Amino acid sequence: MIQLENVSKSFFIVKKAPGLGGSVKSLFVRNKETVEAVKKIDFTIADGEIVGLLGPNGAGKSTTIKMMTGILRCDHGRININGRDPFRERMKYTKDIGVVFGQRTQLWWELPVIESFDIIRKIYDVEMAEYNERLKLFDEMLGINQIIHKPVRNLSLGQRMLCDIAGAFLHNPRIAFLDEPTIGLDLNIKSKIRELILAMNKKFKTTIILTTHDISDIKALCERIIVIDKGSIIYDGNLSEISDLVGQNQEVGIYLENIENNQLLISAVQSEFAPDEVLDIDVREDYLNIRISNKITVSQLMGHILRNENIKDFTISEPDVEYVIRKVYAGELGNED
Amino acid sequence: MGNAVKFIRLNMMIKLSRKESFIFSLFGNIIFFFLTYQLWHGIYAGDSGISSVLNFEAVILKLFLAMGLASFLNTNIEWFISRDILSGNIQKYLLIPEKFYNVKFFETIGTSICNLFSNTIPLFIFIFIKFKIELNLSFPLFLFSILISLIIIYNIDLIIGLTSFHTEAIWGISTIKTAIIAFLAGAVIPLEFLPLGFQNFLKYTPFEYIYQVPIKLLTSEANINEKMMMLLMQIICGLILTALAKIIFAHSVKKITINGG
Amino acid sequence: MAIKRYASIYLKLLNVNIKSKLEFAADFWISSIGLILTNLTSLFTLYFIFQHIPMLGGVSYYDTIFIFSFFTISTSLHQIFFDNIWSIWIHFIEGSFIKYCLRPIDSMFYYLTESIDPKGFSQLILGIALMAYSGANLNLNWSFINIIFLVVLLLCATSIYTSLMTIAAALGFWITDPFEVISLVNRSKDFGKYPITIFNNATKFIITFVLPLGFVGFYPSTFFVKDTINFMSLMTVPVALILFFAQRLIWKAGLNRYIPAGS
């Protein structure tokens, strides 16, 4: 279990005046400024959850991750993960976590991947039987047996990421911290990685903390997202609910044989559903645009409408997660569209 | 010409941007001079016959001049040239108006100027004060001569940089070059201590023209005509090496553009 | 047991590191030659000087060569196993050092064992050859006890130099780019390869008590080149231990307040 209580962290940055004069002055006088990177954040994550950690760059996201992985100490507050303080009990704590940093490899650069795996096995005291089983699983899901005899430096980005992810899960950690794991990868590899993450989560109840800017990652993996901006949490909850909060809902477009004969359909819909279920019905040039909230499903709506023979075709548009996230970043939580 | 100044300034700014490293570099060099001074002081401590070869002051003068010159000329540009080729960066240079050859030369100058401040000038201040060398006509000749030395060694570095294909290899070759040059330049031990036959042999190598000529221009008793002759020989050596380097460079560029880097 | 675990991990790392580095055979030979040449310039200096003087700071030719060889062996051992120190500035500048804090293994161990430098072997062999050469000419008694002392003192000397370099590297936790400090320690080490009797008192003091480079070559050698057991040579062991603990403390302190680059 992950528990952050009232956690804050500030940094000092030294301000230097521009130009040569400023540089010389800075030799004698240090102008320190405090930046509050993380301000009193609170959240709890249960075992087996897959949580997406989102936020604009410089929002305090990386700082939070670094505190959770035991690299930084928090200034105030408490961090309790798996019953330990990550910073103070680093040695014992890191035995139960796996980390992937998208930009840099956690494996030994000059050595063949399989040797890195073997070293990891020794470091984390993994039983030989479990180790072999895990390798088999990785090959089944990621197909890495062809590349694990190559040194990491000879791998392409995609191959390296597959190996890094495997390396992070090799010792069956209770929590996996994945920082931008799919950045720059092609769709094929992305989907393999996502499948592996879901498989590990399902089979071993591994908690997954995912930091990403990739919307499709979020859609595919995260039930819950925590959005951090300017050092504070601005949203913590389900992905589906967030759409409501920014006022973007599902929209169904109904194509009629004759758009003029819409009154019957409209009154049929309005009589069946409440105003907070069907939010509005808009007559467009050749279709009706019906906006529904998440209180009803599209199939409920369609089930009711399809009895009307006038329907030629229909379309459904999903809430656009990217649009939603952008709105959240822009601070428009709770605004109706 | 404006381009030249631009590149030189740029390279200097990069080198000087880390103030701490510059100061440490200066400090490290001072320690090294100190060590060398003490070593030779210890060597001359006894009542041995070593002063018959060279007296202590002469040793220090020659050694320090050679050391100062060696550090001035030590730009390690072969590293950057080698890296530019390995990374394919050199392609970029084939597009800009200023040629790769020239750009690297300007970078060399920039680095050398920085070396001047962190190494050569403190050393020379010490030498000039302790040995009261007169700044007569020889001094401008000396300055001109070290510029030629820079050109000569730049071309050698370029040739080395063009012919190395792995990072480890460039370290090895660069180290070999630095060690050999330092020793044969008289920067490790004054050449007067080496066997006579070997000294004569050295007179016909480029090392004579990189180090000995500038030093002799400054310190020897030869008259002005002989000194001009030495300078002329050095210029000829410089021209030969420039031609050689440019030929090898053109050949390498052809190979690179055909192979695609 | 912790030591067994670390030893097992280390042997594995050593094994695969050597295999990986030796793939570049040409590079190995070229850089080995470069390294040997650098040493030879110092050696030739000594050789040519001793053509003219009988003693250097009261130390004979073969004694001087012995001190030089002792120094060369201990610095070679450092270079083979701990050469990774030189790359640490890259990690500090790019903020990638955090990777060494994410596994349940000591970060310094993790970092230093990442690579080895096989070209150091050429220098090691040179040092051993020189020691045999000078030892033979000094009629040294290679008794079993003496060999034990030799090994212990060599390891202590290596440890002292490594500790000094590691302390310099650990400054990177505070100043971000420790490259020049490491470079400074590296250049100063040459003080240890000559008899320190040639230096003035101030320098002798610094080399003994402030930056104990005298214990990397000179002092431990005096165990063998003087007739009676030299007290200072035995001091090599406590100095090694003190520096080892100092370096661990400084590293830990640095790690505690380390703030990696990047938000």
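A brief look at the structure comes next. All of these numbers come straight from a predicted model, not from anything done at the bench.

Here is what the cut-offs are and how they apply
- Residues numbered from 1 in each chain as written.
- Chains lettered and ligands numbered in written order.
- Predicted model: local features only at pLDDT ≥ 70, side-chain atom pairs only at ≥ 80, totals over all residues.
- Heavy atoms only, no water.
- Helix = DSSP H or I, 4+ residues; strand = E, 2+ residues; numbered from the N terminus.
- Buried < 20%, exposed > 50% of the residue type's maximum accessible area, 1.4 Å probe, protein only.
- Contact = heavy atoms within 4.5 Å.
- Areas by Shrake-Rupley, 256 points an atom, 1.4 Å probe, with all protein chains shown as cover.
- Arc of directions from axis to C-beta.
- Buried area = accessible area lost by both parts, 1.4 Å probe.
- Salt bridge = Lys/Arg side-chain N within 4 Å of Asp/Glu carboxyl O.
- Polar contact = N/O pair within 3.5 Å; in protein donor to acceptor, adjacent residues only side chain to side chain.
- Nonpolar A, V, L, I, M, F, W, Y, C, P; charged D, E, K, R; others polar.
- Pairing = 2+ DSSP bridges.
- Axes fitted to C-alpha atoms, helices over the stretch in contact; angles between N-to-C directions.

1. Things to note about the overall build of chain A
Along chain A, the regular secondary structure elements total 12 helices and 13 strands. Across the 337 residues in chain A, those meeting the buried criterion constitute 50%. Contacts spanning at least 24 positions in sequence make up 72% of the contacts within chain A whose residues lie at least 6 apart. Of the roughly 16,200 Å² that chain A leaves accessible, carbon and sulfur atoms contribute 48%.

2. What about unusual backbone geometry?
All names here are of chain A. Residues other than glycine seldom take positive phi values, yet Asn82 does so here, at roughly 50°. Looking at the secondary structure, you find Asn82 in the loop between strand 4 (76-81) and helix 3 (90-94). Positive phi outside glycine occurs at Lys205, with the angle close to 55°. Owing to a relative accessible area of 55%, Lys205 belongs among the exposed residues under this scheme.

3. Observations concerning helix 10 (residues 201-210) of chain C
Residue and element names in this part refer to chain C. When helix 10 is considered as a whole, its buried residues turn out to be Thr203, Ile207 and Thr208. For helix 10, the angular spread of the buried residues around the axis is 120°, confining them to a single face. Residues of helix 10 that are exposed and point over 90 degrees away from its buried face: Asn201, Ala202, Phe209 and Val210.

4. What about the interface of chain B and chain C?
Counting from both sides, the interface comprises 36 residues of chain B and, opposite them, 34 residues of chain C. Each partner contributes to the roughly 3,100 Å² buried at the junction of chain B and chain C, and carbon and sulfur atoms together form 74% of this total. It is Leu35(B), Gln38(B) and Leu39(B) in chain B that bury the most area against chain C; as a group they hold 18% of the surface buried on that side. At the surface where chain B touches chain C, the tally comes to zero salt bridges. Put simply, chain B and chain C have three residue pairs in polar contact (both at pLDDT 80 or more) between them. Listing elements by their share of the side of chain B that touches chain C, those giving two or more residues are helix 2 (19-43) and helix 8 (167-184) of chain B. Its residues assigned to classes, the side of chain B that touches chain C shows 23 nonpolar, 11 polar and two charged.

5. Focus on the sheet that holds strand 9 (residues 232-238) of chain A
Within a beta sheet, neighbouring strands are joined by backbone hydrogen bonds and run either parallel or antiparallel to one another. All names here are of chain A. Pairing is mixed across the open sheet formed by six strands, whose spatial order is 5-6-7-3-8-9. Each edge of the open sheet is held by one strand with a lone partner, namely strand 5 (97-101) and strand 9. Across the sheet, the mean angle separating the axes of adjacent strands is 15° when strand polarity is ignored. By the bridge criterion, four bridges tie strand 3 (residues 50-54) to strand 7 (residues 207-211) in an arrangement that is parallel. Paired with Gly52 across the bridge in strand 7 is Leu210. In the packing of helix 6 (residues 157-169) onto the sheet, contacts are made with strand 5, strand 6 (175-179) and strand 7, and the angle to strand 5 comes to roughly 165°.

6. Topic: the interface of chain C and chain A
In this assembly, 36 residues from chain C lie in contact with 32 residues from chain A. Taken over both partners, the interface formed by chain C and chain A buries close to 3,000 Å², and the fraction arising from carbon and sulfur atoms is 59%. A salt bridge links Glu115(A) to Lys12(C); the nearest nitrogen and oxygen atoms lie 2.6 Å apart. For the pair chain C and chain A, the interface holds seven residue pairs in polar contact (both at pLDDT 80 or more). Contributing elements (two or more residues each) for the side of chain C that touches chain A: helix 1 (2-21), helix 5 (107-112) and helix 12 (231-256) of chain C. Looking at which element gives the most residues to the side of chain C that touches chain A, the answer is helix 1 of chain C, with 11 residues.

7. Re the sheet that holds strand 10 (residues 250-256) of chain A
Residues and elements named next belong to chain A. Spatially, four strands are ordered 11-12-10-13 in an open sheet, and the strand pairing comes out antiparallel. Both edges of this open sheet fall to strand 11 (278-283) and strand 13 (311-317), since each of them pairs with a single strand only. Mean inter-strand twist for the sheet, computed between neighbouring axes without regard to direction, equals 20°. Taken together, the five bridges between strand 11 and strand 12 (residues 287-292) define a ladder with antiparallel strand orientation. Note that in strand 12 the partner of Val283 across the bridge is Leu288. Lying on the sheet, helix 10 (residues 263-272) is in contact with strand 10, strand 11 and strand 12; it crosses strand 11 at an angle near 175°. Across the sheet, helix 11 (residues 298-305) is in contact with strand 10, strand 11, strand 12 and strand 13; its angle to strand 10 comes to roughly 20°.

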